[in-house]
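Below are the chains, spelled out letter by letter.
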Amino acid sequence: MFSMKKLSGLIGGALMAASLVMPAKADTLRFAVGFPSGAPIEAAQKYAEAVKELTNNKHRVRIFELSLLSHAEMNEGINKGLADVGYLLTAYSPSDYPFSNMGADMSMSVALNDKIPEKEGMAYSGAMLEYIMLNCPECQGEFKKNNQVYTGVVSTPVYTMFCNAPVDTVEELKGKRIRISGAPWARWAREFGAQPVALPIGEAYEALSQGVVDCTFFSATELTNFNLIEVVKNIVTDVPGGLYAAGGAATLNKTKWDKFSAAEKEALLKAGSVMTSEVTYRYQKQAMEDLEKARQKGINVMKADPELLKKSHEFISKDLAYIPEFYAQEYKLDPARLKDLSGTMSKLVDKWSDIVAKADIQSAEDLQKLYWDEVYSKIDVDKYGN
């Protein structure tokens, strides 16, 4: 007959033996994404798979689609640890990320380069990664101050012009009300006598359909993401140019990051490169598919009049020189340092345009390898994020 003491000993021994053969419970990272569907969610799913695989199932990712934090709440939510990882759009908190956002605001420079048609986002993602991760300590400081670690970029395809009536000449732009996506595009609109209008992206459908605005600047992906394909009648594909790159697609809470080992940090950086490549590649693929859907639906997809394109490029060249001055004045920063960093970013855009033009990119995996080899592999994981 077993005594209670002996039984307890056997149970204890069995539990100890089980603990030696059973894996420890995986740590689950909460990943907040302020989108309900589309490329960001699909990319986040690939990120989750990468984290699980690269950490040998020690860490897993649970994706919160448009539920845990909104875009406007993301900065503070990651900072406070409400999310361990977040799809952060830094343009929502401009005063917190001026150095990072300046690099993003130079995106209209891709309109001056004809080497990479339909791959502009791929090049700009590479340039932003290299700018923030390897060349801008001030950018790193911005994320650190917000208790965050940057591990991946957000880049959309190039911005096109969706309009009710055809608007493809300098004259036709005058007086038009245009929903814009940021300061560079507002300046572009004013340059041609148009009136920039600031509206949330969710209100664009109604604004176009009711004539509140005449046009809006978006990447082609928003044709289906926000069902604008139902109300847009004309699309000009080569103006205004530029793209959205102000954000970190997989921004980690720094308190959480600091607890990881060097091997875990490297795994999360590699997962960040997966997130970046997946969202960038998927956005571009969707943009091309959505433009084809627009053509099939009978939407007038056209190029800008040569005079408008020429004057647009002239404005962009002038505005790129103004951007560091704007940031120096707006945020009381050292103008010489901003000019130096803007020069670095310009060189990186040229560098990455050449890299992407020469590369054979047939998949998100090809793009991930490019980003890893050129940027991520050069990071010292023992120092990064400290």
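None of the values given here were measured: they were computed from a predicted structure.

Calculation rules
Residues numbered from 1 in each chain as written. Predicted model: local features only at pLDDT ≥ 70, side-chain atom pairs only at ≥ 80, totals over all residues. Heavy atoms only, no water. Helix = DSSP H or I, 4+ residues; strand = E, 2+ residues; numbered from the N terminus. Buried < 20%, exposed > 50% of the residue type's maximum accessible area, 1.4 Å probe, protein only. Pairing = 2+ DSSP bridges. Contact = heavy atoms within 4.5 Å. Axes fitted to C-alpha atoms, helices over the stretch in contact; angles between N-to-C directions. Arc of directions from axis to C-beta. Parallel < 35°, antiparallel > 145°, perpendicular 65-115°, else oblique. Left-handed = near helix turned anticlockwise from the far one by under 90°. Nonpolar A, V, L, I, M, F, W, Y, C, P; charged D, E, K, R; others polar. Phe/Tyr/Trp six-rings, centres within 6.5 Å; stacked < 30°, edge-to-face > 60°. Lys NZ or Arg CZ within 6 Å of the ring centre and 35° of its normal. Salt bridge = Lys/Arg side-chain N within 4 Å of Asp/Glu carboxyl O.

## Here we look at unusual backbone geometry
Moving on, step 1. Omega for the bond connecting Val239 with Pro240 falls within 30 degrees of zero, at 0 degrees, which places this linkage in the cis form.
Moving on, step 2. Looking at the secondary structure, you find Pro240 in the loop between β9 (234-236) and β10 (247-253).
Moving on, step 3. For Glu118, which is not glycine, the phi torsion reads 70 degrees and is therefore positive.
Moving on, step 4. Of the residues examined, Glu118 reaches a relative accessible area of 46% and is grouped as partly exposed.
Moving on, step 5. The residue Lys332 is not glycine, and still its phi comes out positive at about 55 degrees.
Moving on, step 6. Relative to the assigned elements, Lys332 resides in the loop between α13 (306-331) and α14 (335-358).
Moving on, step 7. The exposed category is assigned to Lys332, whose relative accessible area is 71%.

## Focus on the sheet that holds β10
Moving on, step 1. Pairing is mixed in the open sheet, where five strands are placed in the order β2-β1-β3-β10-β4. Single-partner strands in this sheet number two, and they are β2 (59-65) and β4 (148-149).
Moving on, step 2. One ladder, built from two bridges, connects β4 with β10; its direction is antiparallel. What sits directly across from Gln148, in β10, is Asn253.
Moving on, step 3. Running at roughly 135 degrees to strand β3 (residues 85-89), helix α3 (residues 71-79) makes contact with β1 (27-33), β3, β4 and β10 of the sheet.

## Re helix α6 (residues 137-145)
An α-helical turn contains 3.6 residues, so any two residues separated by three or four positions project in the same direction.
Moving on, step 1. Considered for burial, the residues of α6 that qualify are Cys139, Gln140, Glu142 and Phe143. Around the axis of α6, the buried residues are gathered within 155 degrees of arc, so they sit on the same side. Away from the buried face of α6 by more than 90 degrees, exposed residues Pro137 and Lys145 are located.
Moving on, step 2. In this fold, the buried residues of α6 make contact with β3, α4 (98-105), α5 (120-135), β4 and β10.

## Quick word on the side chain of Gln368
Moving on, step 1. Along the chain, Gln368 falls in helix α15 (residues 364-374).
Moving on, step 2. Take Gln368: its relative accessible area is 16%, and that puts it in the buried class.
Moving on, step 3. Filtering out sequence-adjacent residues up to four positions away, Gln368 remains in contact with Lys270, Ser273, Val274 and Ser277.

## Points about the packing of α4 against α13
Moving on, step 1. For the pair α4 and α13, interaxial distance at closest approach is 10 Å and the crossing angle is 155 degrees. As the angle between them shows, α4 and α13 are arranged roughly antiparallel. Between α4 and α13 lies a crossing whose hand is right-handed. Between α4 and α13, the contacting residues are Pro98, Asn101, Met102 and Asp105 on the first element and Ile323, Pro324, Tyr327 and Tyr331 on the second.
Moving on, step 2. Of the residues belonging to the contact of α4 with α13, the class tally is six nonpolar, one polar and one charged.

## Quick notes on the packing of aromatic side chains
Moving on, step 1. Within this structure, the stated rule accounts for 14 aromatic pairs.
Moving on, step 2. Ring geometry for Trp352 and Tyr371: centres 5.7 Å apart, planes at 55 degrees, overall tilted. Of the two residues, Trp352 sits in helix α14 while Tyr371 sits in helix α15, which places them 19 residues apart along the sequence.
Moving on, step 3. A residue is classified by how much of its surface remains accessible, and Trp352, at 0% relative accessible area, is buried.
Moving on, step 4. A relative accessible area of 0% means that Tyr371 is categorised as buried.
Moving on, step 5. An aromatic cluster of at least three residues, connected via ring pairs, comprises Tyr322, Phe326, Tyr327 and Tyr331.
Moving on, step 6. In this structure, Arg187 is placed above the aromatic ring of Phe326, and the distance from its NZ or CZ to the ring centre is 5.4 Å.
Moving on, step 7. Here Lys270 stacks its cationic end above the ring of Trp372, 4.6 Å away from the centre of that ring.

## Some remarks on the pattern of salt bridges
Moving on, step 1. Throughout the structure, instances matching the rule amount to 20 salt bridges.
Moving on, step 2. With a shortest N-O distance of 3.9 Å, Lys293 and Asp290 are connected by a salt bridge. Of this pair, Lys293 and Asp290 are both found in helix α12 (residues 262-296), three residues apart, which corresponds to roughly one turn of the helix.
Moving on, step 3. You can call Asp290 buried: its relative accessible area is 1%.
Moving on, step 4. A salt bridge links Asp373 to Lys369, with the nearest nitrogen and oxygen atoms 2.7 Å apart. Highlighted residues: Asp373 and Lys369, both in helix α15, separated by four residues, approximately one helical turn.
Moving on, step 5. Judged by relative accessible area, which is 37%, Asp373 ranks as partly exposed.
Moving on, step 6. Bridged by salt links that share partners, the residues Glu42, Glu278 and Arg282 form one connected network.

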